[in-house]
Amino acid sequence: MPSRYLLRVTEQPRLAEQNAAVLLPEPFVKWFAAKGWSPRVHQLELLAKAQAGQSVLLIAPTGAGKTLAGFLPSLTELAKRPRRKPGEAHRGIHTLYISPLKALAVDIERNLGKPVEEIGLPVTIETRTGDTPSHKRQRQKLVPPDILLTTPEQLALLIAGNDAKRFFADLRYVVLDELHSLVTSKRGHLLALGLARLRAFVPKLQTIGLSATVAEPDELRRWLVAQNPPGDMAGLITVAGGAKPEISILDSRERVPWSGHSARYAISEIYEAIKEHRTTLLFVNTRSQAELFFQELWRANEDSLPIALHHGSLDVGQRRRVEKAMADNALRAIVATSTLDLGIDWGDVDLVVHVGAPKGASRLAQRIGRANHRMDEPSKAILIPANRFEVLECRAALDANYLGAQDTPPLVKGALDVLSQHVLGVACGGPFDADLLFEEVRSAAPYAALERETFDRVIDFVATGGYALKNYERYARIRRTKEGLWRVSHPSVAQQYRLNVGTIVEMPELNIRYVRQGRGMAGRGGPVLGKIEEYFAETLRPGDNFLFAGKVLRFEGIRENECVVSNGAGANIIVPSYAGGKFPLSTYLAEQVRGMLADSDRWRALPEQVADWLRLQKEKSVLPKRGDLLVETFPRGNRHYMVAYPFEGRLAHQTLGMLLTRRLERAHARPLGFVATDYSLAVWALDDMAALFKAKKPSLAALFDEDMLGDDLEAWLNDSWMLKRTFRTCAVIAGLIEKRYPGQEKSGRQVTVSADLIYDVLRSHEPDHILLQATRTDASAGLLDVSRLGEMLSRVRGRIMHKHLDQISPLAVPVMLEIGKESVNGGANDTLLMEAADLVEEAMGRG
Amino acid sequence: MNFSLSRATLIAEADLVGIAGERAVCDWRGVLYFPDLRLLAVSDLHLEKGSSFARRGALIPPYDTGATLLRLQAVIADYQPQIVVSLGDSFHDGGGAERMHVSFRERLEAMMAGRDWFWVAGNHDPEAPADLPGETVKELAIGSLLFRHEPSKLRVEGEIAGHLHPCARIVQRGRSVRRRCFAGDGGRMIMPAFGAYTGSLNVLDRAYAGLFRLETLVAYMLGAERIFAISSSMLRPG
C-alpha cells in the first residue's frame with residue numbers, strides 16, 4: 001500500500017536532493033533513501049521557512065504529503081534534541097496538532113507512528129480527545145508526550161486548567177489540519193482565541209496551517225499569526241493540483257425529472273457503475289436523501305453486493321462497524337453524507353458518485369479527492385443531478401473544478417458568545433488583567449476589529465449577566481480583586497465551565513428506541529437505532545411509517561426523550577427531513593449557473609433534454625441576461641403567481657419570500673403563500689400582481705427595493721422561530737444556559753423550553769442585550785443569509801426584467817411542483833389551533 | 001363603579017366553563033375567574049426563579065418577576081376580583097420573597113391592597129412569603145370548590161389545582177402546536193403555570209394518570225387572544 005504522506009519524486013529531483021542534505025538530519029536522509037523516496041519540494045520549503053522562524057500556510061491537494069510536511073519541522077527538531085537524562089524534569093509538549101475531527105487525530109497517530117518508528121526517533125505521540133480516559137489525561141499532564149494530537153475543544157479545556165502556563169511552556173509548534181474547514185465556524189473562533197492565549201504563554205510559538213485549496217489564502221495566512229501589527233501574515237506555500245480528476249455528469253437514458261431530490265431515476269445506471277468498480281463512495285447532501293437512496297439501491301441490488309449506509313444520525317457503534325468494513329475493503333459501496341467528508345481515507349475507493357447537486361465547488365473537490373489518495377493518478381467521479389436545475393449546477397461545478405476555482409464561506413467576525421466562553425475559560429486558568437487580555441484577543445484575526453466597549457460588555461456579561469438591571473452582583477462568576485485582576489469567584493464556576501466548553505450545540509434530538517411489534521409503548525429495552533430530530537418526531541402520529549437506518553419503522557410514540565418504534569411496513573413511508581445538512585448553493589456556483597443560462601453556446605455541454613427545456617423557455621418566455629433578475633407573472637387556477645429566479649440559495653430565497661409576502665400584504669395583493677428552492681421563488685396571491693406592478697402600486701422595482709432589509713426584516717425577525725433557535729445556541733455557548741449539569745445530562749427539550757422563555761423575556765425587557773445582538777448577527781449570516789440577499793438586491797437594482805405570461809413557463813415548473821410539498825412557514829399557529837377547535841365543534845354538531 | 005362594566009364586557013355567557021356546579025372563565029392569559037364569587041385564581045407564579053438560578057451560577061435575565069407581575073396586574077385590573085388565590089409555588093424557592101427587588105414588592109403590595117389574598121402553600125414555597133401581607137393556607141375551600149397546590153390522587157369534585165404545569169399539543173396540517181393549557185373534565189381543573197420562566201408538561205404524560213375522566217377531558221389551550229377548547233381525542237403526547 002502506498003503511504004499517504006510520501007510519494008515518488010516527480011518534480012525537480014535534483015534541487016530537492018540538494019536541499020534535503022542541508023535541511024534534513026541524517027537519519028531522515030537515510031530513511032528516505034532506504035524507501036527509494038525523496039522529500040518533496042514543498043516539504044523542504046516548509047521546513048526551511050519553519051527553521052527560519054516563520055509560521056507557514058501550506059495549501060496542497062489531497063495526497064500531496066501534506067501531513068508529513070506539517071510535522072517535518074517538529075520531527076527534525078526533536079531528532080536533534082538531546083535525550084532526557086534520568087532524574088531530569090519531564091519536558092512539556094513540543095508540538096500540538098489540532099484537527100476538526102477526533103477520528104482524524106486517531107488516524108494521524110497511526111500514520112505518523114510508522115515513519116517515527118522506522119527512522120528511530122525518540123519521539124512520543126499521543127492523542128487527547130473526548131474519548132481519552134481520565135487516568136490517561138491525568139498522566140498526560142504529569143508526563144506530557146512530545147506531540148499531542150487533539151481537537152479545538154480539548155485545547156480550550158487545557159487552557160482553562162490552572163497549570164496551563166507550565167504545561168505549554170516548552171511548546172514550539174502548533175500544526176492545524178484542515179484549516180479551511182476549521183476557520184469558517186465558531187469552533188474556529190474559539191481556536192483562534194486559544195492560539196492567542198498560547199502565544200501569550202510562548203511568544204516565539206510558530207504555527208503551521210494545512211489546507212485544501214481556498215479562494216482567499218490571505219485570510220488564512222492572517223489567521224495563523226498574531227495581528228500585531230494588524231495584517232501580518234504567515235508564509236505561503238502552494239502546491240499545484242495533481243492529476244485532473246476524471247469527472248462526468250451522468251447522461252441518463254431515463255428522463256431527468258423537473259423537481260425533487262431523490263435521483264431515483266438513475267438507480268439502475270448507478271448500480272451498473274457500482275458493479276464495474278471495486279469500491280464506490282456515494283455522497284448525498286442530506287441524511288434523508290441517504291436513507292431514501294440506500295433503500296432504492298438495495299431494491300436494485302440483484303447480486304446482493306455489500307452496500308452500506310453511513311450518516312451522522314446513526315448509532316455510533318453502527319457507524320464504526322461500517323467504517324471498519326470500509327477499511328477492510330469488505331464493501332462494494334457506501335452511501336454517505338458529510339460525516340465522511342473530511343480527510344480521512346478508508347479502503348481502496350476507485351469511484352465517487354455524487355448524488356444531487358454539489359452545492360459548492362470546494363465541497364465537490366474535497367469529496368472527489370476521496371477517490372484515490374495518490375496525487376499523480378486521476379480520481380474518477382460521476383455526478384448525478386436529481387433534477388434539471390441540478391444538471392445546470394453540476395455542469396457549473398464541473399467547470400469550476402477544472403478551472404481550479406474554489407469557494408469556502410467567507411470568514412465572519414468573531415462571535416461574541418464564543419468570546420464570552422473564552423473569557424470565562426481564561427479566568428478559570430488564573431486571574432487576568434482586562435487590558436492585557438483585550439490586546440491578546442485583538443491579536444486573533446477574527447477579533448482584530450473588536451472594540452473595547454464591546455469587550456467590556458462581554459466581561460460584564462461573564463461577570464453578572466450584563467443586564468441593565470444590576471441585580472446579580474452578589475452572584476458574580478468573576479470578580480475584580482483589589483489589584484484590579486479578574487478572578488473566578490468560586491471553584492464551582494471552573495467546574496461548571498469545563499462541562500460546557502465547546503461551540504457545537506446539537507439540535508434537540510430523541511433516541512430512537514426499537515421495541516417488538518405489537519407491544520406498542522409498553523415495550524421496553526430494545527436497542528437504540530440512532531437519533532432523530534425532535535421536531536420531526538413531533539409531526540408523526542402513532543402508526544406512521546418512516547425510513548431510518550435503511551429500515552421502515554413504525555412510530556409508536558414519544559416516551560421521555562425517546563422516540564419508540566417497531567418494525568414497520570406499507571406504502572406511505574415518510575422520509576425524515578433534517579434541518580441540518582442542507583447546504584445552500586454557493587455564491588460562486590450561482591454565478592456560474594446564471595452565466596450558463598444566459599449563454600446558449602454553453603448548452604451544448606448539457607444533456608439534450610435539458611438543453612431542450614431551456615430552448616423552450618426562450619421561446620415561451622425569456623431567459624435572463626447574466627446579472628439580470630427575471631420575474632415572471634402568470635395566472636393559474638383562481639390564483640396569481642409570481643416566480644423570481646435569483647439563484648441565491650434556499651435560505652436567502654426563504655428570507656426574500658417572507659419579506660415579499662409582507663410587502664404584498666401591505667399592497668393589498670392578498671398573498672397566500674410562497675415556496676423557495678435553491679434557484680427560484682414562487683409567491684401566489686388572490687390579486688393580480690402584474691396589474692399592481694403596471695399601476696406602480698408598487699412597481700416591481702419598489703417591491704424588490706433593498707429597504708426591505710430594514711424595518712420589514714426587523715419586524716419579522718423578532719417573531720421568527722429561527723431567532724429563537726439561534727438564541728438557544730448562543731445562550732449555550734455563552735454559558736447562560738448549561739449544556740449539562742454535573743452527573744446529569746439535560747434533555748434537549750428542557751433546554752429548548754427555557755431558552756425560548758428566556759428569549760421572550762429578554763427581548764421585551766432588554767432588546768439591546770449583548771446576547772441578543774450576537775443572536776441577530778448569527779441569524780443574519782446563517783439561517784437567513786441576509787448578507788447574500790442584500791448583495792443580490794443591490795446587484796439587480798435597475799436590472800429586473802418582468803415578463804407577464806398567460807400560463808406557466810418551462811423554467812417555472814420545478815418550483816411550482818414544490819408547492820404543497822413544503823409547508824409554508826408563517827406565524828399563524830393560532831390558525832391551526834382554530835382549525836383543531838373547529839373540527840371538534842363540527843364533530844359535536846355545534847359548528 | 002366602572003369595574004363591573006369592564007367585567008361585563010369581558011365575560012360572555014358562552015365562554016363559561018362548569019366546574020362542580022360553579023361557573024368560571026378560563027382566561028387566555030392563564031388565570032381562572034369565578035364571576036359569581038368575584039374570585040381570581042392564578043397558579044405557579046414562580047416569582048424570583050431568575051435569581052434562584054443566578055444563585056447557582058446561571059445568570060439568566062432578572063426580568064421574570066417584573067414580567068410576571070405586569071401580566072398579573074393586567075388581569076387583576078380587568079376583573080377587579082375581591083378574592084385572589086395564588087395556588088402555590090408563588091415563589092420559586094423559600095428565599096424568593098426576601099430577594100425580591102423593592103420595586104416589585106411595592107407593585108405586588110399595590111395589587112393586594114383591598115383584596116382578600118390567599119397564598120396556598122406549594123412544594124417550592126411551603127412557608128408563608130417573608131414580609132408580605134395575605135393569608136398563607138395549606139388549602140382553601142370556598143363553596144363547592146377546593147383550592148390546593150397539588151392535585152390529589154383520589155377524585156375530588158371541585159378541586160382546583162396547579163403544580164403540574166399542563167400544556168397540550170396538537171398536530172394540524174403536518175405542523176405541531178404546543179401551548180400551555182387549563183385541563184378540566186368538568187369535575188376537576190388543573191391550571192397552567194403563570195410564571196414567565198415556567199416550563200410545561202403535556203397533559204398526556206404519565207404524571208396525570210388517573211386525574212381525569214378521559215372522555216370528558218378538555219384542554220383549554222392558551223391562544224394569542226383567546227382560549228381554544230380541544231377535546232382529548234385531538235391531543236398528542238410529547
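The shown structure was predicted, so the numbers you read here are calculated from the model rather than taken from an experiment. (Residues numbered from 1 in each chain as written. Chains lettered and ligands numbered in written order. Predicted model: local features only at pLDDT ≥ 70, side-chain atom pairs only at ≥ 80, totals over all residues. Heavy atoms only, no water.)

Peer 1: For the overall build of chain B, give the residues involved together with the corresponding values.
Peer 2: When helices and strands are counted, chain B shows five helices and 16 strands. By residue count, 61% of the 238 residues in chain B fall in the buried class. For chain B, the computed accessible surface area is about 9200 Å², with 54% contributed by carbon and sulfur atoms. (Helix = DSSP H or I, 4+ residues; strand = E, 2+ residues; numbered from the N terminus. Buried < 20%, exposed > 50% of the residue type's maximum accessible area, 1.4 Å probe, protein only. Areas by Shrake-Rupley, 256 points an atom, 1.4 Å probe, with all protein chains shown as cover.)

Peer 1: Please give an account of the packing of helix α19 (residues 452-464) of chain A against helix α30 (residues 770-781) of chain A that cites residues and values.
Peer 2: Residue and element names in this part refer to chain A. For the pair α19 and α30, the least separation of the axes is 10 Å and the interaxial angle reads 115°. Between α19 and α30, the residues in contact are T454, R457, V458 and F461 and I770, L771 and Q773, respectively. Looking at the contact of α19 with α30 residue by residue, the classes come out as four nonpolar, two polar and one charged. (Axes fitted to C-alpha atoms, helices over the stretch in contact; angles between N-to-C directions. Contact = heavy atoms within 4.5 Å. Nonpolar A, V, L, I, M, F, W, Y, C, P; charged D, E, K, R; others polar.)

Peer 1: Give me the lowdown on the environment of A702 of chain A, citing residues and values where you can.
Peer 2: Of note, A702 of chain A is situated in helix α26 (residues 700-703). In this structure the C-alpha to C-alpha distance between A702 of chain A and R663 of chain A, which are 39 residues apart in sequence, comes to 9.9 Å.

Peer 1: Explain the sheet that holds strand β24 (residues 671-676) of chain A residue by residue, including any values.
Peer 2: Residues and elements named next belong to chain A. Taken in spatial order, the five strands of this open sheet run β24-β25-β23-β22-β26, and their pairing is mixed. Taken across any chain shown, the strands that pair with only one partner, and hence form the sheet edges, are β24 and β26 (800-804). Here the strands of the sheet are splayed against their neighbours by 15° on average, with no regard to which way each runs. For strand β22 (residues 629-636) and strand β23 (residues 639-644), the ladder comprises six bridges, and the chain directions are antiparallel. Bridging across to β23, F634 finds its partner in Y641. Docked against the sheet, helix α24 (residues 650-666) engages β23, β24 and β25 (681-685), running at close to 170° with respect to β24. (Pairing = 2+ DSSP bridges.)

Peer 1: Can you break down the pairing of strand β16 (residues 227-231) of chain B residue by residue, with the values?
Peer 2: Looking down a regular strand, the side chains alternate between one sheet face and the other. Residue and element names in this part refer to chain B. When you tally the buried positions in β16, you get four out of five residues, the bulk of the element. Pairing between strand β15 (residues 218-222) and β16: five bridges, direction antiparallel. Directly across from M221, in β16, lies its bridge partner F228. From the end of β15 to the start of β16, which pair antiparallel, there are four residues.

Peer 1: Residues and numbers for a negative patch on the surface, please.
Peer 2: A cluster of acidic side chains, namely E98, E106, E109 and D131 of chain B, defines a negative patch on the protein surface. Looking at the secondary structure, you find E106 of chain B in helix α5 (residues 102-112). (Patch = residues over 30% accessible without salt bridge, like charges linked within 9 Å, V, L, I, M, F, W, Y side chains within 5 Å. Salt bridge = Lys/Arg side-chain N within 4 Å of Asp/Glu carboxyl O. Lys, Arg positive; Asp, Glu negative; His and termini not counted. Charge placed at Lys NZ, Arg CZ, Asp CG, Glu CD.)

Peer 1: Any details on unusual backbone geometry? Residues and values, ideally.
Peer 2: Following N228 of chain A, the chain continues into P229 of chain A via a peptide bond in cis, with omega recorded as 10°. Of note, P229 of chain A is situated in the loop between α11 (217-224) and β7 (235-238). The amide bond that connects K697 of chain A to the next residue, P698 of chain A, takes the cis arrangement and shows omega of -5°. One can find P698 of chain A in the loop between α25 (689-694) and α26. Positive phi values are uncommon outside glycine, yet A20 of chain B reaches one of about 45°.

Peer 1: Can you break down the sheet that holds strand β5 (residues 173-176) of chain A residue by residue, with the values?
Peer 2: Residues and elements named next belong to chain A. Read from one edge of the open sheet, seven strands run β3-β4-β2-β5-β6-β1-β7, paired in parallel fashion. Sheet topology places β3 (125-128) and β7 at the edges, where each strand pairs with a single neighbour. Strand-to-strand twist in this sheet, taken as the mean axis angle between neighbours without regard to direction, amounts to 15°. In terms of strand pairing, strand β1 (residues 56-59) meets β7 through four bridges, oriented parallel. Of the residues in β7, the one forming a bridge with V56 is G235. On the sheet, helix α4 (residues 66-80) packs against β1, β2 (95-98), β4 (147-150), β5 and β6 (206-211) and is oriented at approximately 160° with respect to β6. Across the sheet, helix α10 (residues 186-201) touches β2, β5 and β6, and the angle it forms with β5 is around 170°.

Peer 1: Now, about α30 of chain A: what can you tell me, with residues and values included?
Peer 2: Since there are 3.6 residues in each turn of an α-helix, residues three or four apart along the chain are aligned in direction. A rise of 1.5 Å per residue sets the reference length of α30 of chain A, with its 12 residues, at 16 Å; its end C-alpha atoms lie 17 Å apart and thus fit the reference within 8%. Taken residue by residue, α30 of chain A has I770, L771, L772, A774, T775, R776 and A779 of chain A as its buried positions. (Expected span 1.5 Å × (residues − 1).)

Peer 1: Now, about the side chain of E440 of chain A: what can you tell me, with residues and values included?
Peer 2: Residue and element names in this part refer to chain A. Here E440 lies in helix α18 (residues 434-442). Given a relative accessible area of 11%, E440 falls into the buried group. For E440, the contacting residues outside a window of four places in its chain are A196, R197, A200 and H422.

Peer 1: Residues and numbers for the pattern of salt bridges, please.
Peer 2: Residues and elements named next belong to chain A. Following the criterion strictly, the structure yields 44 salt bridges over all chains and no others. Across the pair R452 and D435 runs a salt bridge, and its minimum N-O distance is 3.0 Å. Note that R452 is positioned in helix α19 and D435 in helix α18, a separation of 17 residues in sequence. For R452, a relative accessible area of 30% puts it in the partly exposed group. The exposure class of D435 is partly exposed, given its relative accessible area of 45%. Here D628 makes a salt bridge to R799, at a shortest N to O gap of 2.9 Å. Within this pair, whereas D628 is found in the loop between α23 (608-620) and β22, its partner R799 is found in the loop between α31 (786-795) and β26, the two being separated by 171 residues in sequence. Taking the relative accessible area as the measure of exposure, R799 reaches 36% and is therefore partly exposed. Among the ionic contacts, a cluster of salt bridges with common partners joins E591, R594, R626, E648, R788 and R795.

Peer 1: So what's going on with the packing of helix α3 (residues 41-51) of chain A against α4 of chain A? Residues and values would help.
Peer 2: Residues and elements named next belong to chain A. Axis separation between α3 and α4 bottoms out at 8 Å; the angle between their running directions is 55°. Between α3 and α4, the angle falls in the class oblique. Remark: the crossing between α3 and α4 carries right-handed chirality. Here α3 contributes H42, Q43, L46, L47, A50 and Q51 to the contact with α4, which in turn contributes L68, A69, L72, P73, T76 and K80. Taken together, the residues of the contact of α3 with α4 break down into seven nonpolar, four polar and one charged. (Parallel < 35°, antiparallel > 145°, perpendicular 65-115°, else oblique. Left-handed = near helix turned anticlockwise from the far one by under 90°.)

Peer 1: Summarise the side chain of H653 of chain A; cite the residues concerned and give the values.
Peer 2: Residues and elements named next belong to chain A. Mapped onto the secondary structure, H653 falls in helix α24. Given the relative accessible area of 1%, H653 is considered buried. Here E648 takes part through its backbone nitrogen, which lies 3.0 Å from a polar atom of the side chain of H653. Only 2.7 Å separates the side chain of H653 from the backbone oxygen of T677, close enough to count as a polar contact. In this structure, H653 is in contact with P646, F647, E648, A676, T677, D678, Y679, S680 and L681, ignoring residues within four places of it in sequence. (Polar contact = N/O pair within 3.5 Å; in protein donor to acceptor, adjacent residues only side chain to side chain.)

Peer 1: Mind laying out the packing of aromatic side chains, listing which residues take part and the relevant values?
Peer 2: Here the structure, examined in full by the defined rule, presents 21 aromatic pairs over all chains. Measuring from centroid to centroid gives 5.2 Å for F438 of chain A and F455 of chain A, while their planes differ by 50°, and the two rings are tilted. Within this pair, whereas F438 of chain A is found in helix α18, its partner F455 of chain A is found in helix α19, the two being separated by 17 residues in sequence. Aromatic side chains Y467 of chain A and Y472 of chain A sit 6.1 Å apart centroid to centroid with 90° between the ring planes, which places their arrangement in the edge-to-face category. Comparing Y467 of chain A with Y472 of chain A shows no difference in burial state: the two are buried. An aromatic cluster is defined as three or more aromatic residues linked by ring pairs; in this entry it consists of W258, F389, W613, F647 and Y679 of chain A. When the ring centre of F53 of chain B is taken as reference, the NZ or CZ atom of R56 of chain B above it lies at 4.9 Å. Positioned above the aromatic ring of F194 of chain B, the side-chain terminus of R71 of chain B is 4.3 Å from the ring centre. (Phe/Tyr/Trp six-rings, centres within 6.5 Å; stacked < 30°, edge-to-face > 60°. Lys NZ or Arg CZ within 6 Å of the ring centre and 35° of its normal.)

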